[in-house]
Amino acid sequence: MASYTLNPRAVEHARRLIAARQYVLDSDWGEVQPTAQDENRYLANHAWDEYQQWFLGVTDGATDETKGRYAFVFGDFRRIHRSGIIACQYRAAEWRHKTVELAASELLQVLDRKAGIGQPKATAR
C-alpha cells in the first residue's frame, strides 16, 4: 500500500478557498471529481506547483511532477467541494493515512463553520 505525506500547501490553498467562499456545498463527488482528462487540461495551462495545491496527499517515493505524486484531490481546479473533502477524509480513514484524514476532518469543520452548517438558527422575537 502506498504511503502519503500531508501536503501543507494544499491545506493552505483549501483554507484560502474557504475564506474566499470558493466552495460548493452540494455536489455528487462521483460526478464532479476531476478525471484524468480534466487533470491533463489543467496541467496544459498551469504549472505543477499550482496543480499540487489541489491534493492533500503527496505519495512517498513517487517522482516529482507526475500525476502519481499527488493524491486526495478535494476540488474541481476552481473551487473546493464539500463532497471532495468528505471523500478525502473517508478514503484516508479507510486506508489509515491519519495525517491526511485529520487534515480533511479539520477542513470540513472550517468549511462548515464558514458556510453556517450546523450553526443554530437565530429565532425571531
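Reading guide: rules and limits
- Residues numbered from 1 in each chain as written.
- Predicted model: local features only at pLDDT ≥ 70, side-chain atom pairs only at ≥ 80, totals over all residues.
- Heavy atoms only, no water.
- Phe/Tyr/Trp six-rings, centres within 6.5 Å; stacked < 30°, edge-to-face > 60°.
- Helix = DSSP H or I, 4+ residues; strand = E, 2+ residues; numbered from the N terminus.
- Buried < 20%, exposed > 50% of the residue type's maximum accessible area, 1.4 Å probe, protein only.
- Pairing = 2+ DSSP bridges.
- Axes fitted to C-alpha atoms, helices over the stretch in contact; angles between N-to-C directions.
- Contact = heavy atoms within 4.5 Å.
- Parallel < 35°, antiparallel > 145°, perpendicular 65-115°, else oblique.
- Salt bridge = Lys/Arg side-chain N within 4 Å of Asp/Glu carboxyl O.

(A) Structural context of the packing of aromatic side chains. Under the criterion given, the structure shown has twelve aromatic pairs. Centre to centre, the rings of Tyr-4 and Phe-72 are 5.1 Å apart; their planes meet at 80°, and the pair counts as edge-to-face. A residue pair is termed long-range when its members are at least 10 positions apart, and Tyr-4 in strand S1 (residues 4-6) and Phe-72 in strand S4 (residues 70-73) qualify at 68 residues. With a relative accessible area of 3%, Phe-72 lands in the buried category. With centroids separated by 4.4 Å and ring planes inclined at 20°, the aromatic side chains of Tyr-42 and Phe-77 adopt a geometry described as stacked.

(B) The sheet that holds S1, seen in detail. Taken in spatial order, the three strands make up an open sheet running S1-S3-S4, and their pairing is antiparallel. Here the strands that pair on one side only, and so sit at the sheet edges, are S1 and S4. For this sheet the average axis-to-axis angle between neighbouring strands, irrespective of direction, equals 35°. In the packing of helix H6 (residues 98-115) onto the sheet, the strands contacted are S1, strand S3 (55-59) and S4, and the crossing angle to S3 comes to about 170°.

(C) Quick look at the environment of Ala-71. With respect to the helices, strands and loops of the structure, Ala-71 is situated in strand S4. You can call Ala-71 buried: its relative accessible area is 9%. Taking C-alpha positions, Ala-71 is 18 Å from Arg-15, a pair spaced 56 residues apart along the chain. When residues no more than four places from it in sequence are discounted, the contact partners of Ala-71 are Tyr-4, Phe-55, Leu-56, Gly-57 and Thr-59.

(D) Here's a closer look at the packing of helix H1 (residues 8-19) against H6. It is at 10 Å that the axes of H1 and H6 come closest, and there the two elements cross at 10°. Taken together, the axes of H1 and H6 lie roughly parallel to each other. Residues Val-11, Ala-14, Arg-15, Ile-18 and Ala-19 of H1 touch H6, and the partners they reach there are Ala-103, Glu-106, Leu-107, Val-110, Leu-111 and Lys-114.

(E) Looking closely at the pattern of salt bridges. Here the structure, examined in full by the defined rule, presents eight salt bridges. Here Glu-39 makes a salt bridge to Lys-67, at a shortest N to O gap of 3.8 Å. Within this pair, whereas Glu-39 is found in helix H3 (residues 36-45), its partner Lys-67 is found in the loop between S3 and S4, the two being separated by 28 residues in sequence.

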